[in-house]
Amino acid sequence: MRTQRQVVDYALQRRALLAEVYSGRLGTMEVCDASPYLLRAAKFHGRPSDVMCPVCRKESLTLVSWVYGDALKHASGSARTTEELARMANLFAEFSVYDVEVCRSCTWNHLVQSYVLGTESLRTTKPSRRTAAE
């Protein structure tokens, strides 16, 4: 999206967590703990990915986008589709999006990335300072 900014990628954190699982220091029950609300959001608002579940390896992961922000009011804290995100990016000044990957089989879930959307960056920048001579 053209207004996407302040992107944070959580790939290193994901890799470290999976290393703990593969080594046996963490059990799968500790990381496969998606809430029923997240699983429902994955079913109705999620988009399929090409990445297989790193824990059960039974099916591809589903990506769910969660939105948060004061400007969203009652819509804050809800899951949204890609089309809804594009529409909201043109309507609201600024809001945060959190993409979560979910396995609907084993309930693995992890935050993939977060970023900010909105029209705030499209507005003209503040006028530059003027010197006393101007």
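Worth saying up front: this structure is predicted, and the values here are computed from it rather than measured.

A. Expanded view of the overall build of the chain. Scanning the chain for helices and strands turns up four helices and six strands. Its helices and strands in sequence order give the chain the pattern β-α-α-α-β-β-β-α-β-β, from N to C terminus. Looking at the chain residue by residue over its 134 residues, the buried ones come to 37%. Within the chain, counting contacts between residues at least 6 apart in sequence, those at least 24 apart form 62% of the total.

B. Region of interest: the pattern of salt bridges. Tallied over the entire structure, the rule returns five salt bridges. For Glu-101, the salt bridge identified is with Arg-14, shortest N-O distance 2.4 Å. Of this pair, Glu-101 sits in strand β5 (residues 95-102) while Arg-14 sits in helix α1 (residues 11-23), and the two are 87 residues apart along the sequence. Among the ionic pairs, Arg-25 bridges to Glu-20, the shortest N-O distance being 3.3 Å.

C. Structural view of unusual backbone geometry. In this structure, Gln-6 is a non-glycine residue whose phi angle is positive, near 55°. Considering the arrangement of structural elements, one finds Gln-6 in strand β1 (residues 5-9). Backbone geometry places Lys-73, a non-glycine residue, at a positive phi of 55°. Residue position: Lys-73 is located in the loop between β3 (60-68) and β4 (78-80). A relative accessible area of 66% places Lys-73 in the exposed class.

D. Here's a closer look at α1. Over its 13 residues, α1 runs 18 Å from end to end, which matches the ideal 18 Å to within 8%, given 1.5 Å per residue. Note on α1: the residue one or two positions beyond its end, Gly-24, has a positive phi of about 95°.

E. View of the packing of aromatic side chains. Scanning all chains against the criterion turns up three aromatic pairs. Aromatic side chains Tyr-68 and Tyr-98 sit 5.7 Å apart centroid to centroid with 70° between the ring planes, which places their arrangement in the edge-to-face category. In this pair, Tyr-68 is assigned in strand β3 and Tyr-98 in strand β5, connecting sequence segments 30 residues apart. Tyr-68 gets classed as partly exposed once you look at its relative accessible area, which sits at 38%. Both rings, one in Phe-92 and one in Phe-95, keep their centres 6.3 Å apart while their planes meet at 85°; by these two values the pair is edge-to-face. Accessibility expressed as a relative area gives 2% for Phe-95, which makes it buried.

F. The environment of Val-67, seen in detail. Examined against the element boundaries, Val-67 turns out to sit in strand β3. According to the relative accessible area criterion, Val-67 is buried, its value standing at 0%. In the structure, Val-67 is positioned 47 residues away from Ser-114 in sequence and 9.8 Å away in space, judged by C-alpha atoms. Filtering out sequence-adjacent residues up to four positions away, Val-67 remains in contact with Leu-72, Ala-75, Ser-76, Gly-77, Ser-78, Arg-80, Leu-85, Met-88, Phe-95, Ser-96 and Val-97.

G. Here's a closer look at the pairing of strand β6 (residues 109-117). Pairing analysis gives three bridges linking β1 to β6, with the strands arranged antiparallel. Following the sheet pairing, Asp-9 is matched in β6 by Gln-113. Two strands pair when backbone bridges link them, and β5 and β6 are joined in this way by eight bridges, in the antiparallel orientation. Bridge assignment links Val-102 to a residue of β6, and that residue is Asn-109. Connecting β5 to the antiparallel partner β6 that follows it, the hairpin turn spans six residues, and Thr-107 within it adopts a positive phi of roughly 70°.

Thresholds, definitions, all that
Residue indices begin from 1 for each chain and proceed along its sequence in written order. A pLDDT threshold of at least 70 governs which residues receive local features in this predicted model, and a stricter bar of 80 or more applies before side-chain atom pairs are shown or counted, although totals over entire chains, interfaces and linings include all residues. Side-chain measures were taken over the full set of non-hydrogen atoms in the model, leaving aside hydrogen atoms and water. Only DSSP runs of H or I reaching four residues or more are called helices, and only runs of E reaching two or more are called strands; each is numbered from the N terminus. Exposure categories follow from relative accessible area, calculated using a 1.4 Å probe and restricted to protein chains: below 20% of the type maximum is buried, above 50% is exposed, and the middle band is partly exposed. In this analysis, two residues are considered to be in contact whenever any of their non-hydrogen atoms come within 4.5 Å of each other. Whenever Lys or Arg places a side-chain nitrogen within 4 Å of a carboxyl oxygen from Asp or Glu, that contact is recorded as a salt bridge. An expected span of 1.5 Å times one less than the residue number is assigned to each helix. Put simply, two rings from Phe, Tyr or Trp (the six-membered ring, in Trp's case) pair if the centres are within 6.5 Å, and we call them stacked under 30 degrees between planes, edge-to-face over 60, tilted for the rest. Strands are labelled as partners when DSSP assigns at least two bridges between them.

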